[in-house]
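Structural characterization, general
So the chains spell out like this:
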Amino acid sequence: MEAGRSMRLPAFIGLTRAYRRAHFDYHTPPGVDAVAKGFDAERFVERLAEAGCQAFNFFAKDVFGNCYWDTKVGNKHPHLDRDLLGEVVDAARRRGLRVIAYYNVMDLINARRHPEWRHVGHPAVPGSEGEYVCLNSPWVEEVFIPELKELAHYDLDGVFFDFLYVRQPCACRWCRETFEREAGEPFPERAEGPGWRKYIEWVRKVNDKLVEVACSALHSVNPQLLVAVNWAYTPRQPGEPPECIGYLTLDVDETRCPVLEASYHAKHFDGLGKPFEVMVTRFLKWWGDWGLKPLEQLLAECATVIANGGACNIGDHLYVDGRQDPAALELMSRAFEFIRVREECLPSSSVPYVAVLLSAASSWAQGRVLADDSPLRGAHLLLLESGVHHDVLLDSRLMEEMYEYRLIIVPSQRVVEPELVDALKEYVAGGGSLLVTFDTSLADGQLELGELLGVELESEEPVELGYIRPLDPGLAKGLPESPIFVRGRFTAVRAA
Ligand SMILES: [Zn+2]
């Protein structure tokens, strides 16, 4: 057994090659005494292996704060009389499946037990309150780190964190004290102005710090563990993932069009240079629904993910007693087979053609904890529906790789750093094409790219309505003669 284990590929290589993955939600309220009573770890893993699954996420800690391993430092589910995670890890090892522990940081149990640790929200931001622990509170030192150090002793391939980022502003005493100490200025009472922008910049640093803390706690015990944070480094909180992140992941918002979401996020992840997965669910209407998605829809989602170079993770939720719905497993197995027969063509890599810029600085400068990424979404939708192959790149990567692209699109990215302005000038002078929209590079009433574009700003239009009429007859080909009505923001410019 030990010899077999030492022959195992390192988690990094092994998981990167695993395109067929599953995730099992198992949020079980503390009062449920049926917890895991119908669960057989051997049988569960055996069925997954038969279904063609290569790696899966299994619960270490749920949203309530219940732990599913034999913990001495955390709150084990009160009705769980076995080491559920341990059994699953052992069974998975015997069959060569990869296991990632799911860890949810909301910890409602500790938030109730320690009201002083609770996320309180910001009085100037309605709806920002919450029942969960604040990630700037002593919970990190007293609960999070000790639990992770204990968890890391299991023979896992990695840990998947849920909600390990600031998702709502918070004005608790810990947030106030930490902000004032680190930023050196008073905590902002109003959700606007320079003080607020400084606060949002600080939120970005808090996120980075949380990832660093989680990685060092886990890697101090097992440096091989792959760390992933659900929704981190996505366009709503963009940035370069640090070295300690093993792979990128998100469960796409299926209340929107899942295929479109999968395409959008897979393209963005692919531009960040790390292995990634995209999670879609087996549910008809996302989490909380027990209906089964049609096979054709699931296959379209999986195809989109693997075509963009990602691994496909299919999410399910176990019943309260731990059993998996056999129909859900059957659906998964058919999707896994679809992926398996195409695996020879993977991993694929994108051929540079059109680049779309995502400026991380622009997103954070919006002054929101979660940025509005609709301009980038719009560019992706336009290109996808027009059948134009494209990549999404952060500023830093675009600077390095721009000459490989024939066209660069900058969709309403307000902050364009001076080095990038210079680089774009050279790129265009060398024959490259540039397309910008709306308020790109608009700072202090000036367009930083104005000289290159040959225009000067006249005004930012106050109304969110306008019409498009192509001035160049070449662009009018195939368009109706009447002006095209558009709901959106515009700037008025004149030829310089
Ligand atoms: Zn707080």
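Residues numbered from 1 in each chain as written. Predicted model: local features only at pLDDT ≥ 70, side-chain atom pairs only at ≥ 80, totals over all residues. Heavy atoms only, no water.

**Here we look at a negative patch on the surface**
- A grouping of Glu417, Glu419, Asp422 and Glu426 is seen on the molecular surface, where their side chains present a negatively charged patch.
- Relative to the helices and strands, Asp422 is located in helix α15 (residues 418-429). (Patch = residues over 30% accessible without salt bridge, like charges linked within 9 Å, V, L, I, M, F, W, Y side chains within 5 Å. Areas by Shrake-Rupley, 256 points an atom, 1.4 Å probe, with all protein chains shown as cover. Salt bridge = Lys/Arg side-chain N within 4 Å of Asp/Glu carboxyl O. Lys, Arg positive; Asp, Glu negative; His and termini not counted. Charge placed at Lys NZ, Arg CZ, Asp CG, Glu CD. Helix = DSSP H or I, 4+ residues; strand = E, 2+ residues; numbered from the N terminus.)

**Considering the packing of helix α9 (residues 258-270) against helix α10 (residues 295-307)**
- Two numbers describe how α9 lies on α10: the axes approach to 9 Å, and their chain directions differ by 10°. Relative to α10, the element α9 lies roughly parallel. Seen from α9, the contacting residues are Pro258, Val259, Ala262 and Ser263; seen from α10, they are Gln297, Ala300, Glu301, Thr304 and Val305.
- Residue classes in the contact of α9 with α10 are distributed as five nonpolar, three polar and one charged. (Axes fitted to C-alpha atoms, helices over the stretch in contact; angles between N-to-C directions. Parallel < 35°, antiparallel > 145°, perpendicular 65-115°, else oblique. Contact = heavy atoms within 4.5 Å. Nonpolar A, V, L, I, M, F, W, Y, C, P; charged D, E, K, R; others polar.)

**Overview of the environment of Leu135**
- Among the secondary structure elements, Leu135 is positioned in the loop between α5 (108-113) and α6 (139-151).
- When its relative accessible area of 11% is taken as the criterion, Leu135 is described as buried.
- On a C-alpha basis, the gap between Leu135 and Val166 in space is 7.4 Å, while along the polypeptide they are 31 residues apart.
- In contact with Leu135, not counting residues within four places along its chain, are Val105, Val140, Phe163, Leu164, Tyr165 and Leu210. (Buried < 20%, exposed > 50% of the residue type's maximum accessible area, 1.4 Å probe, protein only.)

**A closer look at unusual backbone geometry**
- Positive phi is not limited to glycine here, since Trp286 has a value of about 65°.
- On the secondary structure map, Trp286 appears in the loop between β6 (277-281) and α10.
- A positive phi angle, close to 50°, is found at Asp444, a residue other than glycine.
- Relative to the assigned elements, Asp444 resides in the loop between β12 (442-443) and β13 (446-447).

**Side note on the pairing of strand β4 (residues 158-162)**
- Among the five residues in β4, five count as buried, and that is most of the element.
- Burial along β4 is two-sided: the residues Gly158, Phe160 and Asp162 and Val159 and Phe161 are all buried.
- Strand direction decides the pairing type here: strand β3 (residues 98-104) and β4, joined by five bridges, are parallel. If you follow Asn104 over to β4, its bridge partner there is Asp162.
- Across four bridges, the pairing between β4 and strand β5 (residues 226-229) is parallel. Following the sheet pairing, Phe160 is matched in β5 by Ala228. (Pairing = 2+ DSSP bridges.)

**Points about helix α7 (residues 173-183)**
- Looking only at α7, the buried set comprises Trp174, Cys175, Thr178 and Phe179. Buried residues of α7, viewed axially, fall in a sector of 120°; they line one side.
- Where α7 is buried, its residues touch α8 (193-219).
- Positive backbone phi, at 70°, marks Gly184, one or two positions downstream of α7. (Arc of directions from axis to C-beta.)

**So, the sheet that holds β4**
- The strand order across the open sheet formed by seven strands is β5-β4-β3-β2-β1-β7-β6, and the pairing between neighbours is parallel. Among the strands making up the open sheet, the edge pair consists of β5 and β6. The sheet shows a mean angle of 25° between the axes of neighbouring strands, direction not considered.
- Bridge analysis of strand β2 (residues 55-61) against β3 gives six bridges, and the strand direction is parallel. Note on β3: the bridge partner recorded for Phe56 is Val99.
- Where α6 meets the sheet, it contacts β2, β3 and β4, and its direction lies at approximately 165° from that of β3.

**With respect to the coordination of the zinc ion**
- The protein atoms that coordinate the zinc ion are Cys134 (SG), Cys170 (SG), Cys172 (SG) and Cys175 (SG), at distances of 2.3 Å.
- Around the zinc ion sit four donor atoms; with metal-centred angles ranging over 95 to 121°, the donor geometry is tetrahedral.
- Given a relative accessible area of 3%, Cys134 falls into the buried group.
- Assessed through its relative accessible area of 5%, Cys172 is described here as buried. (Donors = N, O, S within 2.8 Å, 3.2 Å for Na, K, Ca; no water. Tetrahedral: all angles 85-135°; square planar, octahedral: opposite > 155°, others 65-115°.)

**Let's talk about the packing of helix α3 (residues 41-50) against helix α4 (residues 84-95)**
- It is the contact of α3 with α4, at a shortest axis distance of 9 Å, that shows an interaxial angle of 40°. Accordingly, the angle class assigned to the pair α3 and α4 is oblique. As α3 runs across α4, the sense of the crossing is right-handed. Every residue of α4 that contacts α3 at Ala41, Glu42, Val45, Glu46 and Ala49 is listed here: Glu87, Val88, Ala91, Ala92, Arg94 and Arg95.
- Of the residues that constitute the contact of α3 with α4, the class distribution is six nonpolar, no polar and five charged. (Left-handed = near helix turned anticlockwise from the far one by under 90°.)

**Some remarks on the sheet that holds strand β10 (residues 407-411)**
- Reading across from one edge, β9-β8-β10-β11 is the order of the four strands in this open sheet, with parallel pairing throughout. Every interior strand has two partners, whereas the edge strands, β9 (390-394) and β11 (433-437), have only one. Within the sheet, the average angular offset between the axes of one strand and its neighbour, ignoring direction, is 25°.
- Of the pairings in the sheet, the one linking β10 to β11 comprises five bridges and is parallel in character.

**Some remarks on the domain arrangement of the protein**
- Domain annotation of the protein identifies domain 1 (2-345) and domain 2 (354-495).
- Using only C-alpha atoms to locate each centre, domain 1 and domain 2 end up separated by 34 Å.
- Between domain 1 and domain 2, the residue contacts involve 27 residues of the former and 23 residues of the latter.
- Buried area between domain 1 and domain 2, summed over both chains or domains, comes out near 2300 Å², and the portion from carbon and sulfur atoms is 64%.
- Per-residue buried area on domain 1 facing domain 2 is highest for Ile200, Tyr264 and Lys267; these three make up 27% of the total on that side.
- At the surface where domain 1 touches domain 2, the tally comes to 12 residue pairs in polar contact (both at pLDDT 80 or more).
- Per-element tally for the side of domain 1 that touches domain 2: the top contributor is α9, with seven residues. (Domains from an automatic or database assignment. Buried area = accessible area lost by both parts, 1.4 Å probe. Polar contact = N/O pair within 3.5 Å; in protein donor to acceptor, adjacent residues only side chain to side chain.)

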